[in-house]
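Listed below are the residues making up each chain.
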Amino acid sequence: MMLDDLKAGWDSEMKKPVKHEQLATVLEILQRETCKLDKSIKRRDILEVSIALLLIPVWGWKLVYSVSLMQSVGLWVAILACLFIPYKLIKAKKVNVQKNDSILSFLLIEKVKLENQKKLLESVALWYILPLMVAIILITAGATVDSLGIPQLTLQLKIYYSFCALLSVGVYLLNKRAAKKRFKPLLDKVNYRIKEIK
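Keep in mind that this is a model prediction, so the values were computed, not measured.

Looking at the pattern of salt bridges
Working definition: two side chains of opposite charge can pair if their charged atoms are close together. Counted according to the given criterion, the structure contains nine salt bridges. Put simply, Glu110 and Lys113 hold a salt bridge, and the shortest N to O gap is 3.2 Å. Residue Glu110 and its partner Lys113 are located together in helix H4 (residues 103-122), separated by three residues, close to a single helical turn. The exposure class of Glu110 is buried, given its relative accessible area of 7%. Here Lys184 and Asp188 are joined by a salt bridge, their closest N and O atoms 3.0 Å apart. In this pair, Lys184 and Asp188 are both assigned in helix H6 (residues 155-197), four residues apart and thus about one turn of the helix distant. Taking the relative accessible area as the measure of exposure, Asp188 reaches 39% and is therefore partly exposed. Through salt bridges with shared partners, a single ionic network connects Asp38, Glu110 and Lys113.

Here's the deal with a nonpolar patch on the surface
On the surface, a nonpolar cluster with roughly 290 Å² of combined accessible area is contributed by Leu53, Leu80 and Leu83. Examined against the element boundaries, Leu80 turns out to sit in helix H3 (residues 69-92).

Considerations on the packing of aromatic side chains
The description of an aromatic ring pair uses the distance of the two centres, along with the angle that the planes make with each other. Counting across every chain of the model gives four aromatic pairs. With a centroid separation of 5.5 Å and an interplanar angle of 80 degrees, the aromatic rings of Trp127 and Tyr128 are classed as edge-to-face. Judged by its relative accessible area of 7%, Trp127 is buried.

Description of the environment of Val169
Along the polypeptide, Val169 turns up in helix H6. Taking the C-alpha atoms as reference, Val169 lies 8.9 Å from Ala125; in sequence the two are 44 residues apart.

Some remarks on a positive patch on the surface
Positive charge collects at one region of the surface, where Lys36, Lys39, Arg43 and Arg182 lie side by side. When residues of the positive patch are assigned to their parent elements, the largest contribution, three residues, is made by helix H2 (residues 20-64). Looking at the element boundaries, Lys39 is found in helix H2.

Rules used in this analysis
Residues numbered from 1 in each chain as written. Predicted model: local features only at pLDDT ≥ 70, side-chain atom pairs only at ≥ 80, totals over all residues. Heavy atoms only, no water. Salt bridge = Lys/Arg side-chain N within 4 Å of Asp/Glu carboxyl O. Helix = DSSP H or I, 4+ residues; strand = E, 2+ residues; numbered from the N terminus. Buried < 20%, exposed > 50% of the residue type's maximum accessible area, 1.4 Å probe, protein only. Patch = residues over 30% accessible without salt bridge, like charges linked within 9 Å, V, L, I, M, F, W, Y side chains within 5 Å. Areas by Shrake-Rupley, 256 points an atom, 1.4 Å probe, with all protein chains shown as cover. Phe/Tyr/Trp six-rings, centres within 6.5 Å; stacked < 30°, edge-to-face > 60°. Lys, Arg positive; Asp, Glu negative; His and termini not counted. Charge placed at Lys NZ, Arg CZ, Asp CG, Glu CD.

In short, geometric facts, not functional conclusions.
Right, dumping it as structure tokens:
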């Protein structure tokens, strides 16, 4: 119950008009929150980029020993996905806002950073889940082709695909939740302060 009281108190404090002498304190709190979030994003990006780049040689090695055209296509999709995912993560961190020492500039930069990360998480199905799922299906189904080039879906593969589908839905829902719970409230606070300054 105390945590809920603290959250309610914080929200009410953030919604009160701030005098100029109090603005520095409010901005310091906001800066601490965004700094903590930036560190979390940096850790996530380092992990995701490292895994993607380490998988490229594995997919390349498997490409040499591919047993079918379908599997080769799947491996190329996996390689391209492992290049695209780091690009997407790095691009989301770029901010094209004029930087100076003003409070408004700080808030505008934070707003763009938060909006980029929120959009990234909300669109995770298109740039992350879909390419990887297509690659997984093509690689595994391509490994079971018969002499006519038709994949033979076994019970094990069907169970594996079901597990992958459940995992994909879980990743999608977790990212949507993070966009809503972590980024939206902070973005609302930043927007409120920008509106107040203007």
